[in-house]
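Notes for the structure review
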Amino acid sequence: MAKQTYTDIDELVNDLINDLSSSLGNEIGEEMKKIEQEVIDSNVYGAYSPKEYERRGKGGGIGSEGNMEVTVTPTGDGVTIELHNSTTGNSSYRNYWQGEIQDLIETGNYLWECGCPPRPFIEDTQEKVDAKIESIVESALNKLGW
């Protein structure tokens, strides 16, 4: 948390980076998850209705927050916050894809003929995060007293 006054700019920057890499990074990551869920609802779920399988949705599928992992890494004069969707294929189906399904959904390159179109969501998620990042960071900083 920020002190009331600083006499040294390096001390202020160090405190800010420490807060960014700890609690702020996680809070920003949570907002990134919400944005990705919104984009998945629109780009993935809204673009195609499956006939061969039942979607898991937010209950273990690509839209599930539990499958979204946030990594916060200090980078010298700042932090990098990454969001990775680690959803794997649905083991309820015979011949299911056992790896992560993010690329399958993005490209539409499935192992079976399902008529599933590509449903990209990563780039749109990044664009929405970029458009909102200043207000997300500002809100997170305000909560910590910056």
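Counting of residues starts from 1 at the beginning of each chain's written sequence and follows it residue by residue. Restriction of local features to residues with pLDDT of at least 70 applies here, the model being predicted, together with a cutoff of 80 or more for giving and counting side-chain atom pairs; totals for whole chains, interfaces and linings are based on all residues. With hydrogens and water stripped out, all remaining heavy atoms of the structure feed into the side-chain values.

With that settled, consider the layout of surface pockets. The way it works is a 1 Å grid over only the protein atoms, where trapped points that fit a 1.4 Å probe form a cavity and open points with protein on both sides within 12 Å along at least five of seven lines form a pocket, and then any residue with an atom within 4 Å of a point lines it. Grid points are joined across faces, edges and corners, and a volume is the space filled by probe spheres set on the points. In this model, the second largest pocket occupies a volume close to 310 Å³. The way it works is that DSSP assigns letters per residue, a run of H or I at least four long becomes a helix, a run of E at least two long becomes a strand, and they are numbered from the N terminus. At the level of secondary structure, the elements contributing two or more residues to the lining of the second largest pocket comprise α1 (9–45), β2 (79–85) and α3 (122–143). Looking at the lining of the second largest pocket, the element that brings in the most residues is α3, giving six residues.

Let us look at the side chain of Ser-86. Take Ser-86: it is sitting in the loop between β2 and α2 (102–107). The buried label applies to any residue whose accessible area, calculated with a 1.4 Å probe on protein chains only, is under 20% of its type's maximum; exposed applies above 50%, and partly exposed to all values in between. Of the residues examined, Ser-86 reaches a relative accessible area of 16% and is grouped as buried. Definition of a polar contact: a pair of N or O atoms within 3.5 Å, with one able to donate and the other able to accept a hydrogen when the atoms are protein atoms, and with sequence-neighbouring residues admitted only if both atoms are side-chain atoms. Within polar-contact distance, the side chain of Ser-86 engages the side chain of Glu-69 at 3.0 Å. In this view, Ser-86 contacts Asn-67, Glu-69 and Glu-100; residues no more than four positions away in its chain are not counted. When checking whether two residues touch, look at their non-hydrogen atoms; a contact exists if any pair is within 4.5 Å.

In this analysis the local bend is the angle between axes fitted, respectively, to the seven residues ending at and the seven residues starting at the residue. The largest bend in α1 is about 55°, located at Leu-24. With a side-chain oxygen positioned 3.0 Å from the backbone nitrogen of Asp-10, the residue opening α1 is Asp-8.

Looking now at the pattern of salt bridges. Counted as salt bridges are all cases of a side-chain nitrogen of Lys or Arg within 4 Å of a carboxyl oxygen of Asp or Glu. This model, assessed by the stated rule, comprises four salt bridges. Put simply, Glu-30 and Lys-33 hold a salt bridge, and the shortest N to O gap is 3.2 Å. Taken together, the positions of Glu-30 and Lys-33, both in helix α1 and three residues apart, correspond to about one turn of that helix. Residue Glu-30 is classed as partly exposed on the basis of its relative accessible area, which comes to 33%. Put simply, Asp-41 and Lys-58 hold a salt bridge, and the shortest N to O gap is 3.7 Å. Here Lys-58 lies in the loop between α1 and β1 (68–74) and Asp-41 lies in helix α1, a separation of 17 residues in the sequence. Of the residues examined, Asp-41 reaches a relative accessible area of 33% and is grouped as partly exposed.

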